[in-house]
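Analysis of the macromolecular model
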Amino acid sequence: MKCILLMLAFVALASCAGKPKANVAVDDLEKLQGAWTFVSLEVDGAKIPEAMITGSKIIIEGGNFKSISGGVTYVGTIKIDVSKTPKTLDLIFTDGPEKGRTAPGIYELGGENLRICLSLGASSRPTEFATKQGSGHALETLKREKQ
């Protein structure tokens, strides 16, 4: 019996460990699909008032994103790397006020919740889900919109 349990555990571990990283990235990108509403936003260590983020959202479709905030629309592509810890993303803006710019960041996906920490002009990618005064980073906490 112990032998059978050990075999099952080995098979389960092997199937997870053997999954190619490209497939894991596709899985994560699929999990990111849909509309995400801002729950909170912190920039350079300062919490943005809820009234200023009401109605703000990010919509991810395929490898593209659209962010709507304060009546301004940002459009671009999203690239993720699940091999890093924390997982990384790059938002490459193709239209809107940030057109031509890339915002490197990190993300954490947990069910219906998403946290993104982005560089807003600083050249360095954030390494933690936090912002500090003068960091040039924004921490976004989002919740998946119900269909």
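This section reports on the structure supplied with the text. None of these values were measured; they are calculated from a predicted model.

Describing the side chain of Ser40
In this fold, Ser40 is placed in strand 1 (residues 34-43). Among the residues examined, Ser40 registers a relative accessible area of 16% and is labelled buried.

Details of the nonpolar core
One recurring pattern in soluble globular proteins: nonpolar side chains tend to sit buried together. Among the nonpolar cores identified, the biggest contains 22 residues, and Leu89, Leu91, Tyr107 and Ile116 are the most heavily contacted of them. Of all the secondary-structure elements, those providing two or more residues to this core are helix 2 (21-32), strand 1, strand 3 (57-61), strand 5 (72-81), strand 6 (88-95), strand 7 (102-110), strand 8 (113-119) and strand 9 (137-144). When residues no more than four places from it in sequence are discounted, the contact partners of Ile116 are Ile58, Leu89, Ile106, Tyr107, Ala138, Leu139, Glu140 and Leu142.

Remarks on the pattern of salt bridges
By the definition in use, this model includes eight salt bridges. The salt bridge partner of Lys84 is Asp81, with a shortest N-O separation of 3.1 Å. Residue class for Lys84 comes out partly exposed when judged on its relative accessible area of 44%. A relative accessible area of 23% means that Asp81 is categorised as partly exposed. Two residues, Arg101 and Glu98, come together in a salt bridge whose shortest N-O distance is 2.6 Å. Since its relative accessible area comes to 23%, Arg101 is described here as partly exposed. In this structure Glu98 comes out as partly exposed when scored by relative accessible area, which is 26%.

Brief notes about the side chain of Thr131
Locating Thr131 in the fold gives a position in the loop between strand 8 and strand 9. By relative accessible area, which is 9% here, Thr131 ends up buried. Here the side chain of Thr131 touches Glu42 through a polar contact of 2.5 Å, side chain to side chain. In terms of polar contacts, Thr131 uses its side chain to reach the backbone amide nitrogen of Gly45, at 2.7 Å. The residues touching Thr131, leaving out its near neighbours within four places in the chain, are Glu42, Val43, Asp44, Gly45, Ala46, His137, Ala138 and Leu139.

Quick notes on the rules
Residues numbered from 1 in each chain as written. Predicted model: local features only at pLDDT ≥ 70, side-chain atom pairs only at ≥ 80, totals over all residues. Heavy atoms only, no water. Helix = DSSP H or I, 4+ residues; strand = E, 2+ residues; numbered from the N terminus. Buried < 20%, exposed > 50% of the residue type's maximum accessible area, 1.4 Å probe, protein only. Core = buried A, V, L, I, M, F, W, Y, C linked by side-chain atoms within 4.5 Å. Contact = heavy atoms within 4.5 Å. Salt bridge = Lys/Arg side-chain N within 4 Å of Asp/Glu carboxyl O. Polar contact = N/O pair within 3.5 Å; in protein donor to acceptor, adjacent residues only side chain to side chain.

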